[in-house]
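Analysis of the macromolecular model
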Amino acid sequence: MNLTLKVWRQAGPNDPGRFEVYEAKGINEDMSFLEMLDVVNERLIAENKEPIAFDHDCREGICGSCGMVINGVPHGPKKLTTTCQLHMRNFKDGDTIVVEPWRATAFPVIKDLVVDRSAFDKIIQAGGYITAPTGAARDANSILIPKQIADQAFDAAACIGCGACVAACPNGAAQLFTAAKISHLNLLPQGQPERWSRTVAMVDTMEEYFGSCTNYAECEAVCPKGISIEFIAKMNRDYLKAKFKDRRAVVKVDMTEAAG
C-alpha cells in the first residue's frame, strides 16, 4: 500500500504547530497503525530528520497510551479498537490519512502526537485508597456478589484511561472516564467504605480540568472498550446522594454543638 500522511507536528507546548505531509510507501496491510508509523519514522531517521513523536507501550489495546485522532476520529475508523490494534487493511491504497493529537484544553500537547494526560492522574489520586481490610488471599466466592453487579463492575473496570472520550466530546468532558473509575469501585462491597467521599472528591477534581457533560454520547461512540454512558448516570446519582449525606452530617454536627 502507498499512503499519504498529513501528520500534526509541534515541537512543544508553546509552538504553534502545523501539518506536515509524508509519503508512506510499501506498507503491508497486516501492519498495525503504530507499526506503519514506525516504518515512517525509520525512514525519517535515515534521512536525518526528526521522527514523529507518539505515545505507545503495550501495543495490545490494554495500556491506553496510543491515543491519536485518525481522520477526525479518536483511535480511527474502526469501532471498539485502539490505535495500536487498528490494522492498515482498514484503509485503501492511495488514501490520505490525517493524524492529530487529542484536542482538549486539559490535554496540552507535549510534542507532535503526545499530550499531557496527567489531569486523569489527578482524578484517580483524588479517589484515594480502599481501606477495607483484605488480609490474605480469599476464595473468589467467599464474598457473594450478584452476577449482574459483577458484570457491571467488570465493564466499568475495562476503561484504559486513553482519553478518547475527552477528545471526542464537544465540551472536552471527562465524565465517562471518571464515571467508569468511580463505578467499578462503588458497585463492589470492597468499595463501600469510601463510596461517598470518593465520588465527591473525584467529581470535584474532574470539574477543575474538564468541561461539563451534555449527553452528546460521542464519548460512548469512540470508546475502544465500549463503555456505556449509563455509568455517567450512576455517577451523577451517587454524587447527589453523597452531597445529601454530607448535608445530613453537617446538620447532625450543628445540632450536637447546639445541645452542648
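On to the packing of aromatic side chains, then. Enumeration according to the criterion identifies 6 aromatic pairs in this entry. Aromatic pair Phe33 and Phe91: ring centres 5.9 Å apart, planes at 50 degrees, arrangement tilted. Taken together, the residues span a long stretch of sequence, with Phe33 in helix α1 (residues 33-46) and Phe91 in the loop between β4 (73-74) and β5 (96-100) at a distance of 58 residues. With respect to burial, Phe33 and Phe91 carry one shared label: buried. Seen from their ring centres, Phe107 and Phe210 are 5.8 Å apart, and the 80 degrees between their planes marks the pair as edge-to-face. One end of the pair, Phe107, is in the loop between β5 and β6 (109-111); the other, Phe210, is in the loop between α6 (195-209) and α7 (218-222), and 103 residues separate them in sequence. By relative accessible area, Phe107 is classed as buried at 1%. Aromatic ring contacts, followed pair by pair, group Phe107, Phe120, Phe177 and Phe210 into a single cluster. The residue whose ring lies beneath Lys6 is Phe19, and the NZ or CZ to ring-centre distance is 5.8 Å. When the ring centre of Trp8 is taken as reference, the NZ or CZ atom of Arg103 above it lies at 4.3 Å.

Rules behind the numbers
Residues numbered from 1 in each chain as written. Predicted model: local features only at pLDDT ≥ 70, side-chain atom pairs only at ≥ 80, totals over all residues. Heavy atoms only, no water. Phe/Tyr/Trp six-rings, centres within 6.5 Å; stacked < 30°, edge-to-face > 60°. Helix = DSSP H or I, 4+ residues; strand = E, 2+ residues; numbered from the N terminus. Buried < 20%, exposed > 50% of the residue type's maximum accessible area, 1.4 Å probe, protein only. Lys NZ or Arg CZ within 6 Å of the ring centre and 35° of its normal.

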